[in-house]
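# Overview (structure and organization)
The primary structure of each chain is shown beneath.
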Amino acid sequence: MSNRVVITGLGAVTPIGIGTDEFWQGMIAGKNGISEITAFDTSSYPHRRGGQIKNFDPAVFLEPEQIERIGRASQLAIVASKMAMGDAGITHLSNPRRVGVSLGTTYGEPGILEQEDDLWITGGPQSIGSCVALKNSSYLPAINVAVEFGVEGMVETLLNACAAGNCAIGYAFDQIKMGCLDVVIAGGAEGMSRVGLAGFNRLFAVAPEICQPFDKNRKGMMLSEGAGVLVMERLEHAVARRASIYAEVAGYGVSCDAYHITGPHPRGIGAIRAMESALAESKITLDQVDYINAHGTGTPANDKVESLAIKEVFKDRAQQIPVSSIKSMLGHSMGAASAIEAVASALVIKRGVIPPTINYQDPDPECDLDYVPNTSREQPVNTVISNALAFGGNCAVLALRKFDNRVN
Amino acid sequence: MKPRIVITGFGVVSPFGVGKQVFWSKVKAGASGLKPISTFDASGCGSPLAGEVEDFRPEQVIKYKGLSFLDRTSKLVCTAAQLAVDDAGLELTREAKTRTGVVLGTTHGSLHSFSTFDRGLMTKGFASISPLLFPNTVPNVPAGHVTLMLGLEGFSSTVSSGLSNGLAAVKLAAQMIVNGRARAVLAGGVDSLTLETLVQFYAAGLLAKPATDGAAACSPFDKDRSGISLAEGASFAVLETYEQAAARGATIHGEILGCGSAFDPKAVYRLNPEANGGAMSAALENSGLSPGSIDFVSAGANGGVSGDKMEALGIKAVFKGVLPRLKVGAMKSMTGECQGASGALQICAACLGMQEGVIPPTINLREKDADCDFEIATELQKANINTVMVCGSDNSGLGTSLIIGKQ
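Residues numbered from 1 in each chain as written. Chains lettered and ligands numbered in written order. Predicted model: local features only at pLDDT ≥ 70, side-chain atom pairs only at ≥ 80, totals over all residues. Heavy atoms only, no water.

## Quick word on the packing of aromatic side chains
Tallying each qualifying case throughout the model produces eleven aromatic pairs over all chains. Considering the side-chain rings of A:Phe40 and A:Tyr45, the 6.5 Å spacing of their centres and the 55 degrees angle between planes classify their relative orientation as tilted. On the accessibility criterion, A:Phe40 (16% relative accessible area) is buried. Between A:Phe391 and B:Phe134, the ring centres sit 6.2 Å apart and the planes meet at 70 degrees, which makes this aromatic pair edge-to-face. With A:Phe391 in the loop between strand E14 (383–389) and strand E15 (394–401) and B:Phe134 in the loop between helix H4 (111–124) and helix H5 (141–150), this residue pair bridges two chains. (Phe/Tyr/Trp six-rings, centres within 6.5 Å; stacked < 30°, edge-to-face > 60°. Buried < 20%, exposed > 50% of the residue type's maximum accessible area, 1.4 Å probe, protein only. Helix = DSSP H or I, 4+ residues; strand = E, 2+ residues; numbered from the N terminus.)

Here you go:
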């Protein structure tokens with residue numbers, strides 16, 4: 001037996017907006033969320049800008065004692081989940097064992113780990129006390145969300161780097177499809193990390209000023225932070241409680257490049273296979289795809305390979321499909337990125353406006369698709385393909401569709 | 001129809017050494033893998049006994065370019081992955097590679113690399129850090145190395161669910177196959193024993209107290225247990241569809257009959273947790289089996305003071321009415337808590353035990369805790385076992401259980 005899975009609530013905390021309305025407004029206005037990072041001392045790093053969420057005050061949403069005992073990724077995850085559950089109109093879990101949490105993250109709580117390292121440097125390993133040791137595990141954002149809502153079903157954390165959000169949504173999709181759960185709070189969360197910023201700088205992957213996906217002069221990614229959460233629900237469950245539906249999760253595709261630990265396969269074999277699997281499962285034909293939400297990090301390699309892969313999958317139609325990267329505005333929030341992009345994709349279907357790729361000036365002959373440059377575009381969208389192509393060759397692609405009871 | 005998922009091989013690197021045979025013979029013999037730590041100074045954490053993989057030489061098992069840049073976690077897991085493929089006799093043809101994936105569970109897999117990288121950054125500055133060592137800080141990189149080494153293009157996933165993550169990985173793997181996303185998956189987990197990891201457990205007050213009267217360090221379900229003995233290792237179970245396994249004439253070690261996960265939201269902040277039987281019930285429900293059809297429970301018990309109690313209460317609640325015939329064992333009494341590696345190690349022992357008709361002993365058990373209202377074998381027992389429930393749980397309230405059937 002196979003259940004249909006719909007999205008009934010959305011939440012987002014991002015550098016361009018806190019809450020889905022502010023996020024949406026920022027996104028269609030082409031707002032830039034990139035600024036100097038002030039979360040830690042960046043003076044020795046060559047490139048110091050990123051998508052830090054500077055106006056996020058956890059005290060607006062959470063109790064002081066709760067803020068004290070959890071890290072930043074958990075705070076972002078709980079806040080985005082509260083928004084999503086509120087949006088879905090779920091105030092009470094009538095059957096908590098049928099509710100799950102599935103979250104993606106790259107590092108979990110890197111800020112807490114970095115605090116531990118500071119303690120270690122000054123006072124040795126024995127200076128690390130339980131107050132930090134109990135806040136640092138990578139599964140805590142998911143656990144803390146589950147505690148917040150009293151969830152008693154599966155609580156899982158996917159550490160699939162920059163594809164973690166889509167992998168978490170995909171796992172939630174499978175759990176509901178198979179009938180194991182009715183509702184899953186799914187998405188991703190990531191806090192700003194000095195290790196991440198240093199490491200990507202050392203790989204020469206961080207852009208100096210702005211993020212320019214698909215532009216000829218693109219210089220790299222922008223590290224950022226945030227959380228994106230979807231309430232995913234078994235169709236019958238949503239219908240029975242008369243929930244409003246944003247979109248249907250129609251399919252999911254995964255693959256692995258098995259080529260290089262940090263870079264993509266030059267021919268994009270993983271990206272191609274993941275897109276093809278998502279399309280096959282969703283039964284969405286090439287002609288029906290209205291919009292591609294790109295991984296589009298802004299690194300020379302990713303954007304070239306992703307464009308190549310889209311052309312390989314969509315053939316003659318590739319040039320006609322709008323493809324945009326919201327990372328041009330938000331930067332790359334790693335484990336949260338594809339979850340925030342899934343939130344964006346669901347909103348695009350609901351509201352019929354395609355967000356732009358900002359900072360786009362000079363076309364690159366190797367990236368010759370319609371990247372929705374600089375200005376959003378009003379256009380009805382029924383189906384979206386949302387790509388995540390990560391570190392370690394992890395590829396995960398979602399296919400979303402406007403919900404239509406007659407189809408399927 | 002739901003495809004049947006079978007287990008066709010194991011890759012084991014345990015505190016007993018490299019390989020399935022040495023692991024299984026030591027487990028049957030009731031040996032302890034715990035000893036003083038040799039690779040780093042653990043005196044700041046009370047010099048506990050721990051399950052270290054001694055004299056580990058991955059180059060004897062694997063050929064992999066760039067091995068020297070891998071951290072211990074990645075070396076352990078690549079070794080176990082190669083052993084698993086060999087044991088299962090998986091022929092990784094061009095086509096098979098695109099349909100084979102890997103799922104890894106890990107508790108603190110990249111912690112040592114993350115922290116040494118970060119401390120280097122802070123004390124020696126940006127210019128001193130190595131771009132070659134940065135990938136080791138990222139938790140999905142060990143699984144990534146497995147896909148690179150073996151050319152697995154199906155998918156790669158890394159899960160984190162505390163000490164139950166090894167079983168959570170196998171559950172995810174089984175469901176990926178059921179949903180047609182792969183035909184075979186290497187499913188298991190890894191963790192390495194490092195000072196950074198040990199400190200986490202020490203700081204949280206979870207480690208076993210040093211033995212004062214010669215009592216064993218690791219004594220799951222014992223009334224005087226004092227905590228966890230940490231260990232390391234890597235392990236994989238090879239999962240395939242029954243059709244593929246049968247078609248290629250593979251040796252089938254067991255079948256996954258059901259799996260389930262659950263969470264107790266009251267556990268993590270110690271708000272009066274309940275018995276952690278939720279995952280056990282979910283696995284039974286998923287398999288369609290009744291509690292009475294389970295012959296043996298391979299418990300996740302690791303000597304943890306509250307964890308073992310929650311698990312014992314969970315077993316009592318779920319198996320109420322059939323407890324007199326139920327047998328329970330705690331493998332971690334011998335291996336210590338291998339964290340990510342524990343799940344597939346338990347599955348390996350469960351399958352081999354069913355094949356040979358034996359239940360391995362639970363060692364260091366002198367007096368059962370009053371909550372353990374079930375039989376625990378302290379010596380190797382002969383028994384006709386057809387169905388095993390393998391359990392893993394974490395102090396956070398997470399739990400995963402799998403039900404394995406005999407072939």
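Here the narrative resumes.
## Overview of the state of the cysteines
All names here are of chain A. For the structure on display, the rule yields zero disulfides over all chains. No disulfide involves Cys-162; its sulfur sits 11 Å from the nearest other cysteine sulfur, which is in Cys-167. Here Cys-162 falls in the buried class, since its relative accessible area comes to 7%. Free cysteine: Cys-256, not disulfide-bonded; nearest cysteine sulfur from Cys-395 at 7.1 Å. The buried category is assigned to Cys-256, whose relative accessible area is 0%. (Disulfide = S-S within 2.5 Å.)

## What about the domain arrangement of chain A?
Residue and element names in this part refer to chain A. Domain annotation for chain A reports domain 1 (5–240) and domain 2 (251–401). Taking the mean C-alpha position of each, domain 1 and domain 2 sit 21 Å from one another. In this complex, domain 1 contributes 66 residues to the contact, which on the side of domain 2 involves 62 residues. Note on domain 1 versus domain 2: buried area summed over both sides is about 4,700 Å², and carbon and sulfur give 68% of it. Taken together, the links from domain 1 to domain 2 amount to four salt bridges. Between Asp-364 and Arg-218 there is a salt bridge, with its nearest N and O atoms 2.8 Å apart. There are 25 residue pairs in polar contact (both at pLDDT 80 or more) connecting domain 1 and domain 2. For the side of domain 1 that touches domain 2, the secondary structure elements donating two or more residues are strand E1 (5–14), helix H1 (20–29), helix H7 (164–177), strand E7 (183–190) and strand E8 (226–234). With nine residues, the top contributor of residues to the side of domain 1 that touches domain 2 is H7. Among the residues forming the side of domain 1 that touches domain 2, the class breakdown is 34 nonpolar, 23 polar and nine charged. (Domains from an automatic or database assignment. Contact = heavy atoms within 4.5 Å. Buried area = accessible area lost by both parts, 1.4 Å probe. Salt bridge = Lys/Arg side-chain N within 4 Å of Asp/Glu carboxyl O. Polar contact = N/O pair within 3.5 Å; in protein donor to acceptor, adjacent residues only side chain to side chain. Nonpolar A, V, L, I, M, F, W, Y, C, P; charged D, E, K, R; others polar.)

## Some details on helix H8 (residues 194–202) of chain A
Residue and element names in this part refer to chain A. Within H8, eight of the nine residues are buried, which leaves the element mostly enclosed by the surrounding structure. Within H8, the full set of buried residues consists of Arg-194, Val-195, Gly-196, Leu-197, Ala-198, Gly-199, Phe-200 and Asn-201. The N-terminus of H8 is capped by Ser-193, whose side-chain oxygen sits 3.2 Å from the backbone nitrogen of Val-195. After H8 finishes, the residue Phe-204 shows a positive phi value of roughly 60 degrees.

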